[in-house]
Amino acid sequence: MKLSHVRYFAAICKYGGMTRAAEEFHVTQPVLTKAIHALEQEFGVILFQRSGRRLELTAEGESFLLQAKELLFETDQALSGMRELGRRNKELRIATMSPIGAFAVSEPIWRYRRTRPDLTFKISETIKKSALEAVSHEAADLAILVTNRISREEFQVEPFTRSCVVYCMRPEHPLAGRDRVTFPEVVRYPMILEQNDSKNLPVIERQIRRRGLEAEVFLCTQQHGTAFRMLEGNLGYFVMEEIAAGQKGVCFAELAEPEAELEIGIVSKKNRKLSAEAKAFVRFIRKQYGESGKGIGE
């Protein structure tokens, strides 16, 4: 039994004749007649009987129509699923968070795109929680995140580089010129904090409170540009070292606290089989950071 014959049969049933069915498939009526005869010979039954200019189903034809509809529905679902899988195999969906995307995502992806111009990238920059949800619900193939406190029970985590949080200030700040600062020292001055999650306190403020200290928060913002434009006098701003290093007229000191050490890695859903494209990208990241001396796990 050919699938095309089943489709012809269903179309004839739909239109009650061969004329419009032939038009739908761009074939001649004799082609449809031959297909129906082939089905009838294979099954050993008569599927149609003619009533004037219309074709009416026999009892056997009615029975086969029910099965044909189910067969075609399942076939179309399977074909649609495989086409979608094929499309996704040429697409790589990566979720990330600010400010990771500025240095740990953009450059590796730019390099990888040069080797794979046929591959479509879909990058979403969001908060950490949403990025993890995207991976968990398979709306993203991978996430590139700060992985310090990500559950290894739910996610596969592959660190590939490290960074740290620094305290930025203008040269007139009282702590300017220091190589290292601590929370007890910086809470003496007002600060600008990064806040990507409106439902929770900024990460730095939570860490300060855990030590029984109180921060004087001047501004919470998602925009680094805004923070650096506002930075003056005795204001301080916590940000990743890679972001601070590119700012003119700004000095920074290492934050001498354990929480300042950041592990950055690729996150995927545990026990989920990655696509060939996702695996290839992970291998590329390993190679890139391994060659740069910042290999995975180092």
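Given the structure is predicted, the values throughout are model-derived calculations rather than measurements. (Residues numbered from 1 in each chain as written. Predicted model: local features only at pLDDT ≥ 70, side-chain atom pairs only at ≥ 80, totals over all residues. Heavy atoms only, no water.)

A look at the overall build of the protein chain
- Scanning the protein chain for helices and strands turns up 11 helices and 12 strands.
- Taking 19 Å as the expected radius of gyration for a compact globule of 298 residues, we find that the protein chain reaches 31 Å, considerably beyond that expectation.
- Residues classed as buried in the protein chain amount to 43% of the 298 residues present.
- When contacts within the protein chain are restricted to residue pairs at least 6 apart in sequence, those whose partners lie at least 24 apart make up 73%.
- For the protein chain, the exposed area adds up to about 16,700 Å²; of that, 49% sits on carbon and sulfur atoms.
- Charge-centre separation for the protein chain: the mean point of 44 positive side chains lies 4 Å from the mean point of 40 negative side chains. (Helix = DSSP H or I, 4+ residues; strand = E, 2+ residues; numbered from the N terminus. Rg over C-alpha atoms; globule rule 2.2 N^0.38 Å. Buried < 20%, exposed > 50% of the residue type's maximum accessible area, 1.4 Å probe, protein only. Contact = heavy atoms within 4.5 Å. Areas by Shrake-Rupley, 256 points an atom, 1.4 Å probe, with all protein chains shown as cover. Lys, Arg positive; Asp, Glu negative; His and termini not counted. Charge placed at Lys NZ, Arg CZ, Asp CG, Glu CD.)

With respect to the confidence of the model for the protein chain
- Per-residue pLDDT for the protein chain averages 86, and the proportion of residues at 70 or more is 91%.
- Across residues 292-298 the pLDDT falls below 50, and counting only partners more than four positions away or on other chains, this stretch makes 14 contacts in the model. (pLDDT = per-residue confidence, 0-100.)

What to know about the packing of helix α1 (residues 3-15) against helix α3 (residues 29-43)
- Running from N to C, α1 and α3 cross one another at 110 degrees; their axes reach a closest spacing of 9 Å. Taken together, α1 and α3 sit at an angle that is classed as roughly perpendicular. In this structure, α1 contributes His 5, Tyr 8, Phe 9 and Ile 12 to the contact, and α3 contributes Val 31, Leu 32, Ala 35, Ile 36, Ala 38 and Leu 39.
- Grouping the constituent residues of the contact of α1 with α3 by class yields 9 nonpolar, 1 polar and no charged. (Axes fitted to C-alpha atoms, helices over the stretch in contact; angles between N-to-C directions. Parallel < 35°, antiparallel > 145°, perpendicular 65-115°, else oblique. Nonpolar A, V, L, I, M, F, W, Y, C, P; charged D, E, K, R; others polar.)

Observations regarding a nonpolar patch on the surface
- Taken together, the side chains of Met 1, Leu 3, Phe 43 and Leu 71 present a nonpolar region at the surface, about 320 Å² in accessible area.
- With respect to the helices and strands, Leu 3 occurs in helix α1.
- Here Leu 3 falls in the partly exposed class, since its relative accessible area comes to 34%. (Patch = residues over 30% accessible without salt bridge, like charges linked within 9 Å, V, L, I, M, F, W, Y side chains within 5 Å. Salt bridge = Lys/Arg side-chain N within 4 Å of Asp/Glu carboxyl O.)

Side note on the pattern of salt bridges
- Enumeration according to the criterion identifies 16 salt bridges in this entry.
- Glu 254 is the salt-bridge partner of Arg 180, the closest N and O atoms lying 3.1 Å from each other. Of this pair, Arg 180 sits in strand β7 (residues 180-181) while Glu 254 sits in strand β11 (residues 251-255); the two residues are 74 residues apart in sequence, bridging distant segments of the chain.

Let's talk about the nonpolar core
- Core analysis: the largest hydrophobic core is formed by 68 residues, its most contacted members being Ile 144, Cys 168, Phe 238 and Phe 281.
- When residues of this core are assigned to their parent elements, the largest contribution, 9 residues, is made by strand β6 (residues 155-169).
- Setting aside anything within four residues of it in sequence, one finds Cys 168 in contact with Phe 228, Leu 231, Leu 235, Gly 236, Tyr 237, Val 239, Ala 244, Val 250, Cys 251 and Phe 252.
- Formed by 20 residues, the second largest nonpolar core is a distinct cluster that contains Phe 9, Met 18, Ala 22 and Leu 32. (Core = buried A, V, L, I, M, F, W, Y, C linked by side-chain atoms within 4.5 Å.)

Comments concerning helix α6 (residues 128-136)
- Residues Ala 131, Leu 132, Ala 134 and Val 135 constitute the buried set of α6. Considered in projection along α6, the buried side chains sweep an arc of 155 degrees and stay on one side of the axis.
- Phi for Glu 138, located one or two positions after α6, is positive at around 65 degrees. (Arc of directions from axis to C-beta.)

Here we look at the packing of aromatic side chains
- All told, the structure shown has 10 aromatic pairs when counted by the stated rule.
- Judged by centre distance (6.1 Å) and plane angle (85 degrees), the rings of Tyr 112 and Phe 121 are edge-to-face. No difference in accessibility class separates Tyr 112 from Phe 121, as the two residues are buried.
- Ring-pair connections join several aromatic residues into one group, and the members of that group are Phe 9, Phe 43, Phe 48 and Phe 64. (Phe/Tyr/Trp six-rings, centres within 6.5 Å; stacked < 30°, edge-to-face > 60°.)

Brief notes about the environment of Met 18
- Looking at the secondary structure, you find Met 18 in the loop between α1 and α2 (19-25).
- Residues Met 18 and Gln 223, spaced 205 residues apart in sequence, show a C-alpha to C-alpha distance of 65 Å.
- Once you skip the residues sitting within four places of it in the chain, Met 18 turns out to touch Ile 12, Gln 29, Leu 32, Thr 33, Ile 36 and Leu 55.

Quick notes on unusual backbone geometry
- In this structure, His 26 is a non-glycine residue whose phi angle is positive, near 60 degrees.
- In this fold, His 26 is placed in the loop between α2 and α3.

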